[in-house]
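Architecture at a glance
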Amino acid sequence: MTREHVDHGDIVRFAQDRVNLPRDNANMYRAQARRLRERLDGYLSENPDFTLRRIQLSGSLAKGTALRSLNDIDLACYISGADTPHEVADLLEYLAGRLRTAFPNFSPDQVKPQTYSVTVSFRGTGLDVDVVPILYDGDPQWYGRLVSQDDGSFLETSIPLHLEFIDRRKKAQEQHFSQVVRLVKFWAGRLKDELPGFRFKSFMIEMILSHLCGKRLDLSDYPEALQHFFTYVASTDMREKIFFTDYYPSSAVRSFFDPVQIVDPVNEKNNVAALYTDAEADAIVEAALEAGDAIDAALGAPTKQETVYYWRKVFGPSFQI
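Thresholds, definitions, all that
- Residues numbered from 1 in each chain as written.
- Predicted model: local features only at pLDDT ≥ 70, side-chain atom pairs only at ≥ 80, totals over all residues.
- Heavy atoms only, no water.
- Helix = DSSP H or I, 4+ residues; strand = E, 2+ residues; numbered from the N terminus.
- Contact = heavy atoms within 4.5 Å.
- Areas by Shrake-Rupley, 256 points an atom, 1.4 Å probe, with all protein chains shown as cover.
- Lys, Arg positive; Asp, Glu negative; His and termini not counted.
- Charge placed at Lys NZ, Arg CZ, Asp CG, Glu CD.
- Expected span 1.5 Å × (residues − 1).
- Buried < 20%, exposed > 50% of the residue type's maximum accessible area, 1.4 Å probe, protein only.
- Phe/Tyr/Trp six-rings, centres within 6.5 Å; stacked < 30°, edge-to-face > 60°.
- Lys NZ or Arg CZ within 6 Å of the ring centre and 35° of its normal.
- Pairing = 2+ DSSP bridges.
- Axes fitted to C-alpha atoms, helices over the stretch in contact; angles between N-to-C directions.
- Parallel < 35°, antiparallel > 145°, perpendicular 65-115°, else oblique.
- Nonpolar A, V, L, I, M, F, W, Y, C, P; charged D, E, K, R; others polar.
- Salt bridge = Lys/Arg side-chain N within 4 Å of Asp/Glu carboxyl O.

1. Considerations on the overall build of the protein
Within the protein one finds ten helices and seven strands. Its C-alpha atoms put the protein at 70 × 50 × 35 Å along the principal axes. Here the contacts in the protein between residues at least 6 apart in sequence split such that 60% fall between residues at least 24 apart. For the protein, the accessible area works out to roughly 15,000 Å², and carbon and sulfur atoms hold 46% of it. Taking the average location of the 37 positive side-chain charges in the protein and that of its 46 negative ones, the two points are 4 Å from each other.

The following block contains the structure:
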């Protein structure tokens with residue numbers, strides 16, 4: 001094996017140029033979300049009976065794993081009150097109405113209910129913010145019932161604890177955890193564009209890498225880290241049960257009968273991969289096998305041209321050095 005033509009530093013430069021959300025963009029998006037949250041917080045302080053209790057940045061921007069292709073951001077909105085609807089469609093209309101009240105300068109078309117969220121559009125930046133409601137009953141750790149973006153069901157979760165979970169992994173391997181997550185997400189995103197029906201949601205990627213980190217995998221060498229990720233997916237056939245004990249003991253984890261089992265790190269009753277079929281899992285395994293083989297070939301290729309050819313099998317034609 002050789003790294004004469006493409007090494008860790010080349011992957012770093014590729015990530016900076018093609019994969020990662022630029023720092024200036026990330027700061028701009030966070031500032032936009034912060035202004036929305038601050039305006040809402042100000043309104044809440046003046047209207048204590050208002051049923052919106054907290055608005056929390058979530059998703060990849062909050063975790064520091066956003067890709068350059070990011071075009072919207074996620075906010076979780078905690079709602080409480082006796083008059084709060086519990087049917088998803090009614091809840092979304094209710095949330096949209098409260099957001100319009102809190103932001104009277106927004107025109108009606110800037111606050112639109114979607115299937116499982118409410119989209120707030122900012123005309124100045126062209127940025128869309130997807131506000132997802134969480135039914136909240138006062139839990140001190142901010143557990144509530146989130147409207148799932150997968151199927152619209154209600155799931156018990158805590159956004160602050162989710163962010164804390166990821167932050168703990170980021171601190172254990174500064175820069176590297178987030179970067180490897182972004183690289184794998186970029187790979188999965190390319191396959192979603194190229195293969196009809198291919199599914200591999202970002203949260204599952206984060207959980208698999210968190211699991212590998214728990215097994216002391218060093219992510220500081222990106223070609224090796226990527227190879228370990230793909231090898232794990234292929235060798236386990238995506239059928240190894242993954243769970244964590246940050247917020248519950250292993251004895252609390254229930255039995256699941258789904259083909260893929262990745263347990264929510266803040267809710268032992270929730271399998272985040274429950275909707276994945278055997279065929280969808282097999283497609284992920286096949287893609288991981290191909291990516292792993294391509295990295296092996298790239299690391300052993302005798303010429304730069306051949307090395308780049310194999311890395312493009314992983315990252316697509318945008319891979320350049």
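2. Some details on helix 7 (residues 202–214)
Along its 13 residues, helix 7 runs 18 Å from first to last C-alpha, staying within 8% of the 18 Å computed at 1.5 Å per residue. The buried fraction of helix 7 is high, at eleven of 13 residues. Of the positions making up helix 7, those classed as buried are F203, M204, I205, E206, M207, I208, L209, S210, H211, L212 and C213. Those residues of helix 7 that are buried are in contact with helix 3 (59–63), helix 5 (159–172), helix 6 (176–194) and helix 8 (222–236). Looking one or two places after helix 7, you find R216, whose phi comes out positive at around 70 degrees.

3. Comments concerning the packing of aromatic side chains
Any two aromatic rings considered together are summarised by their centre-to-centre distance and by the angle between their planes. Applying the stated criterion across every chain yields a total of 17 aromatic pairs. Centroid distance F14 to F315: 5.0 Å. Interplanar angle 40 degrees. Geometry classified as tilted. Here F14 is found in helix 1 (residues 8–19), whereas its partner F315 is found in helix 10 (residues 304–315), with 301 residues between them in sequence. Look at F14 and you get buried, because its relative accessible area is 2%. By relative accessible area, F315 is classed as buried at 1%. Geometrically, the ring pair formed by F165 and F244 is edge-to-face, given 4.9 Å between the ring centres and 70 degrees between the ring planes. Residue F165 is found in helix 5, and its partner F244 is found in the loop between helix 8 and helix 9 (278–300); the two are separated by 79 residues along the sequence. Both residues of the pair, F165 and F244, belong to the buried class. Three or more aromatic residues link up through ring pairs in this structure, and these residues are F14, F186, W311, F315 and F319. Between the NZ or CZ atom of R169 and the centre of the ring of F165, over which it lies, the distance is 3.8 Å. Cation over ring: R199 sits above Y276, and NZ or CZ is 4.0 Å from the ring centre.

4. What to know about the side chain of S210
Here S210 shows up in helix 7. In contact with S210, not counting residues within four places along its chain, are F165, I166, R169, F177 and F244.

5. Comments concerning helix 9
Given a rise of 1.5 Å per residue, 23 residues ought to cover 33 Å, and the 33 Å separating the end C-alpha atoms of helix 9 matches this to within 8%. Buried within helix 9 are the following residues: E280, A281, I284, V285, A287, A288, A291, G292, A294, I295, A298 and L299. For helix 9, the secondary structure elements touched by its buried residues are helix 6, helix 8 and helix 10.

6. Observations regarding the pairing of strand 5 (residues 128–136)
By the criterion of burial, strand 5 is predominantly enclosed, with eight of the nine residues buried. With eight bridges connecting them, strand 2 (residues 72–79) and strand 5 associate as parallel partners. Bridged to A76 within strand 5 is V132. Summarising the sheet, strand 4 (residues 118–121) and strand 5 pair through four bridges and their orientation is antiparallel.

7. Comments concerning the packing of helix 6 against helix 10
Direction vectors running N to C along helix 6 and helix 10 enclose 80 degrees, while the axes themselves pass 8 Å from each other. In terms of orientation, helix 6 lies roughly perpendicular with respect to helix 10. Two secondary-structure elements touch here, helix 6 through L183, F186, W187 and R190 and helix 10 through K313, V314 and F315. Per-class residue counts for the contact of helix 6 with helix 10 are five nonpolar, no polar and two charged.

8. Observations concerning the pattern of salt bridges
In the structure shown here, the tally under the stated rule is 14 salt bridges. Of the charged contacts, one joins D83 and R98 as a salt bridge, the two residues approaching to 3.6 Å between their closest N and O atoms. A residue pair is termed long-range when its members are at least 10 positions apart, and D83 in the loop between strand 2 and helix 4 (88–102) and R98 in helix 4 qualify at 15 residues. Its salt-bridge partner being E164, residue R168 comes within 3.3 Å of it at the nearest N-O pair. In this pair, R168 and E164 are both assigned in helix 5, four residues apart and thus about one turn of the helix distant. One connected set of salt bridges, linked through shared partners, spans E164, R168, R169 and D246.

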